[in-house]
Structure formats: structure tokens, C-alpha cells
Amino acid sequence: FIEPGTFRIVRKMQVTNAGKPLPWINELEVIDGDLWANVWPSECVARINIDTGNVKAWYLLHGLRDMLAQRHGRAHRMDVMNGIAWDPTGKR
């Protein structure tokens with residue numbers, strides 16, 4: 001965790017799933033007190049307890065990239081999923 005104004009590291013945390021370290025998390029977003037993260041290069045999003053670092057839920061998005069490519073054409077195909085967007089006002 002960093003302090004936004006100075007980029008000073010204020011906290012570090014080991015993220016684990018079933019007691020084992022979870023590598024390759026990126027695109028972190030805090031949503032309603034939990035930490036959400038893409039797991040590169042998978043089609044999975046982990047919901048992480050921000051206090052303990054333990055994964056508390058998985059969102060499996062297998063096939064989403066292929067479905068979007070079929071709907072919008074191969075020119076819009078993405079290599080990996082990257083990004084978590086959250087609208088706090090609409091809670092979506």
C-alpha cells in the first residue's frame with residue numbers, strides 16, 4: 001500500500017490462496033473493504049481480505065475474452081484481461 005501524495009510504502013501484504021502465495025496479481029482495486037485483483041495471465045479475479053491477505057472468493061471469467069472477440073470481431077481481441085472498474089455510486 002502506498003501513500004498517494006508521496007508514493008511512500010506504508011504497508012506490505014502477502015496474498016495467499018489456501019495458505020499458498022498467490023503470484024501475478026495486478027490491477028488492484030479496493031471495493032467495499034476488500035481488495036480485488038486480476039491474476040495474470042488467467043481469466044480469474046481474486047477477492048482478497050484486505051486485513052489478512054487471504055483470498056475469500058474467486059470470480060471465474062473463462063471464455064469472456066473469446067465471447068467479446070466473437071461479438072466485436074477479432075480486431076478487438078485482447079491478449080489478457082487487465083483492469084477492474086468499480087462505480088461506487090451505482091455499486092456496480
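Before any of the text, the structure's been laid out above.
Predicted model only: the values in this text are computed from it and were never measured.

Draft legend 1. Fine view of the overall build of the chain. The helix and strand tally for the chain stands at one helix and six strands. Counted over contacts in the chain with a minimum sequence separation of 6, partners at least 24 positions apart contribute 29%. Split by element, the accessible area of the chain, about 6,600 Å² in all, is 55% carbon and sulfur. Taking the average place of the 12 positive charges on the side chains of the chain and the average place of its 10 negative ones, the gap between the two points comes to 3 Å.

Draft legend 2. Focus on the sheet that holds strand 5 (residues 44-49). Here four strands make up an open sheet; going across it, the order is 3-4-5-6 and the pairing antiparallel. Across the chains shown, the open sheet's two edge strands, defined by having one partner strand only, are strand 3 (25-31) and strand 6 (55-60). The sheet shows a mean angle of 25 degrees between the axes of neighbouring strands, taken without regard to direction.

Draft legend 3. How the structure looks around the pairing of strand 4 (residues 34-39). With six of its six residues buried, strand 4 lies for the most part within the structure. Linking two consecutive strands that pair antiparallel, namely strand 3 and strand 4, is a turn of two residues; a positive phi of about 50 degrees is found at aspartate 32 within it. As paired elements, strand 4 and strand 5 share six bridges and run antiparallel to each other. Directly across from leucine 35, in strand 5, lies its bridge partner isoleucine 48. Counting the residues that bridge the hairpin from strand 4 to strand 5 gives four residues.

What counts and how
- Residues numbered from 1 in each chain as written.
- Predicted model: local features only at pLDDT ≥ 70, side-chain atom pairs only at ≥ 80, totals over all residues.
- Heavy atoms only, no water.
- Helix = DSSP H or I, 4+ residues; strand = E, 2+ residues; numbered from the N terminus.
- Contact = heavy atoms within 4.5 Å.
- Areas by Shrake-Rupley, 256 points an atom, 1.4 Å probe, with all protein chains shown as cover.
- Lys, Arg positive; Asp, Glu negative; His and termini not counted.
- Charge placed at Lys NZ, Arg CZ, Asp CG, Glu CD.
- Pairing = 2+ DSSP bridges.
- Axes fitted to C-alpha atoms, helices over the stretch in contact; angles between N-to-C directions.
- Buried < 20%, exposed > 50% of the residue type's maximum accessible area, 1.4 Å probe, protein only.

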